[in-house]
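Residue-level structural notes
The primary structure of each chain is shown beneath.
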Amino acid sequence: MTLSDRDIERRWQAIRARGPYVLLAVATLLALATAELTPAAGERVTAGALVAAGFGLQLWWGRVSRTRTGPSTAGTVYYAVRWALGFALTWLNPFFAFYAAAGYFDAEELMRGRRLRWAGPFACAVTVSGSQAGGLPFHRPVQWVVFAGLVMVNSVLLIVVGHLTAQQEERSRARADTIAELERTNTALHQALAENAALHSQLLVQAREAGVADERRRLAAEIHDTIAQGLTGIIAQLQVVASAPDLATARTHLDRASALARHSLGEARRSVHNLAPVALEHDGLPQALKGTVAEWSERTGTRADFTVTGTTEHLHDELSATLLRIAQEALSNTARHAAATRVGVTLTFLGEVILDIRDDGRGFDPETLPERSRSGGFGLAGMRARAERIAGCLAVESEPGRGTALSARVPLVRHEP
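In what follows, the accompanying structure is described. (Residues numbered from 1 in each chain as written. Predicted model: local features only at pLDDT ≥ 70, side-chain atom pairs only at ≥ 80, totals over all residues. Heavy atoms only, no water.)

1. Some remarks on the overall build of the protein
Counted only if it meets this: Under the scheme used here, helices are H or I runs from DSSP no shorter than 4 residues and strands are E runs no shorter than 2 residues, and both carry numbers assigned from the N terminus. Residue exposure (1.4 Å probe, protein chains only): buried if accessible area is under 20% of the type maximum, exposed if over 50%, otherwise partly exposed. In what follows, residue pairs with any heavy atoms lying within 4.5 Å of each other are defined as contacts. To measure how exposed things are, a 1.4 Å probe is used in the Shrake-Rupley method; for residues, cover is taken only from the protein chains shown.
Scanning the protein from terminus to terminus reveals 11 helices and five strands. Of all 417 residues assigned to the protein, the portion counted as buried reaches 36%. Considering only intrachain contacts with a sequence separation of at least 6, the fraction spanning at least 24 residues in the protein is 68%. Looking at the protein as shown, the accessible area adds up to about 25000 Å², and 60% of this sits on carbon and sulfur atoms.

Next comes the structure, spelled out in structure tokens:
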């Protein structure tokens, strides 16, 4: 099981709070077990008083530390008094060095100033080294030599451990900063994704509104080009009937007027039918495109193949309708202008949705196309406008005599249930 930085910090706090109690208790028990080391009765009484003072000091600091966190003057005083008690007790019995060793663990937490943070553990090392050298005071010169060596060794250990601890703390701070930065980045990413989703929704609403306006213009253009022209022809035929010299002539013009009326009715039905992509009512975009391509191939007698690549997604209705309209318009343009013998339509799902339509027709120069008129139908400019309304784009490659390739790319926005 891996411990988090917070768990480790809680454990260190528990050690700093309870460690001195435990070490003083252990040292007291060892001192009682080795009472012969302090044979004088006065020294035993003094040791007992100092032990009681040590426990009293710990109780006092336990209360004070609840309201004080971090290095402080009170913490420095507590550290110094505890060291003095530990030194005096070690002078009386070497086993009290266990209590003096408590200063190794909390100098950073208690004392202000870098020098004090190094001086405190060094003073503890002096006390511990005295205990290791046989106990204070020294009675033989060799003890002073051993004591000096032990002080040096303990000091070197303190420096090494302090350096490693500082490095570990630096790594912990860097890791904490990295985690905090990742959290900020993750929050910003979630906000960006939410804003992006809202922007897509807004674009789709705008595309729907713009699509309605374009359909109105398209329908107006079709009415003008087909139904209105048909009605004009019917009126002209009826005017001829009114002044016809004989019944045969009148019947001929009436037949023409009837044919024009039927044709105009068919055009009206077709225009109304094209207001919405009926092919998408029951099928997804791949099935609708497949049916559209097959119907176009059968009607024009031109070979047309449809292919789907990638993992099929259920797209948002506006995306499906836009791509289907682009495909219908492209196929219509191919039938009217390209004189192609083969057409290929490919729908690709690859992080985005790509619709490719290629033919081997006569081709054209894209730079010489006339500007789209306000009343005209949907040519390349209209298809490009459709794609751009849903944050997509349309690319056309063509040369005279070398066919045409059209590619529409739109973002992948899934269907909203």
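2. Quick word on the pairing of strand E2 (residues 342-349)
Definition in use: The pairing criterion for strands is at least two bridges between them, as found by DSSP. Convention used here: a crossover is right-handed provided that the path from the first strand, over the helix, to the second strand proceeds clockwise when the strands point away from the viewer.
Counted residue by residue, E2 has seven buried out of eight residues, so it is predominantly covered. Pairing analysis gives eight bridges linking strand E1 (residues 303-310) to E2, with the strands arranged parallel. Bridged to Arg303 within E2 is Arg342. At this point the chain moves from E1, through helix H10 (residues 317-338), to the parallel E2, and the crossover so formed is left-handed. Pairing geometry for E2 and strand E3 (residues 352-359), over seven bridges, is antiparallel. Paired with Phe349 across the bridge in E3 is Val353. Counting the residues in the hairpin turn of E2 and E3 gives two residues, including Gly351, whose phi is positive at 75°.

3. Notes on a nonpolar patch on the surface
Threshold: Residues enter patches when their relative accessible area tops 30% and they take part in no salt bridge; the joining distance is 9 Å for like charges and 5 Å for the nonpolar side chains Val, Leu, Ile, Met, Phe, Trp and Tyr. Any Lys or Arg side-chain nitrogen found within 4 Å of a carboxyl oxygen on Asp or Glu counts as a salt bridge.
The grouping of Val22, Val26, Phe95 and Phe98 at the surface amounts to a nonpolar patch, some 310 Å² of accessible area in total. Mapped onto the fold, Val22 is located in helix H1 (residues 5-33). Overall, the relative accessible area of 48% leaves Val22 in the partly exposed class.

4. A look at the side chain of Gln58
By secondary structure assignment, the location of Gln58 is in helix H2 (residues 41-64). Residue Gln58 is classed as buried on the basis of its relative accessible area, which comes to 3%. Sequence-distant contacts of Gln58, that is, excluding residues within four places in its chain, are made with Pro20, Tyr21, Tyr78, Arg82 and Tyr99.

5. Digging into unusual backbone geometry
The phi dihedral of Ala339 falls on the positive side, at around 55°, and the residue is not glycine. Turning to its location among the elements, Ala339 is positioned in the loop between H10 and E2. Taking relative accessible area as the criterion, Ala339 reaches 54% and is therefore assigned exposed. If you check the backbone angles, Ala391 has positive phi at about 65° while not being a glycine. Position of Ala391 among the secondary structure elements: in the loop between helix H11 (380-389) and strand E4 (393-398). Residue classification places Ala391 among the partly exposed residues on the basis of a relative accessible area of 40%.

6. Things to note about the packing of aromatic side chains
To keep things clear, this is the line we draw: Planes of paired rings set the category: under 30 degrees apart is stacked, over 60 is edge-to-face and the rest tilted, where pairs are Phe, Tyr or Trp rings (Trp by its six-membered ring) whose centres lie within 6.5 Å.
Using the criterion set out here, one finds eight aromatic pairs in the structure. Where Phe138 meets Trp144, the ring centres are 4.8 Å apart and the plane angle is 85°; that geometry is what we call edge-to-face. We classify Trp144 as exposed; its relative accessible area is 51%. Connected via pairs of aromatic rings, a cluster forms that spans Trp60, Trp61 and Tyr78.

7. A short note on H2
Under the convention used in this document: In this analysis, the expected span of each helix is defined as 1.5 Å times one less than the number of residues it contains.
For H2, which comprises 24 residues, the first-to-last C-alpha distance of 35 Å matches the rise-based estimate of 34 Å (1.5 Å per residue) to within 8%. Those residues of H2 lying buried are Ala47, Leu50, Val51, Gly54, Leu57, Gln58, Trp61 and Val64.

8. Side note on helix H6 (residues 114-132)
Given a rise of 1.5 Å per residue, 19 residues ought to cover 27 Å, and the 27 Å separating the end C-alpha atoms of H6 matches this to within 8%. Just downstream of H6 lies Gly134, where phi reads positive at about 120°.

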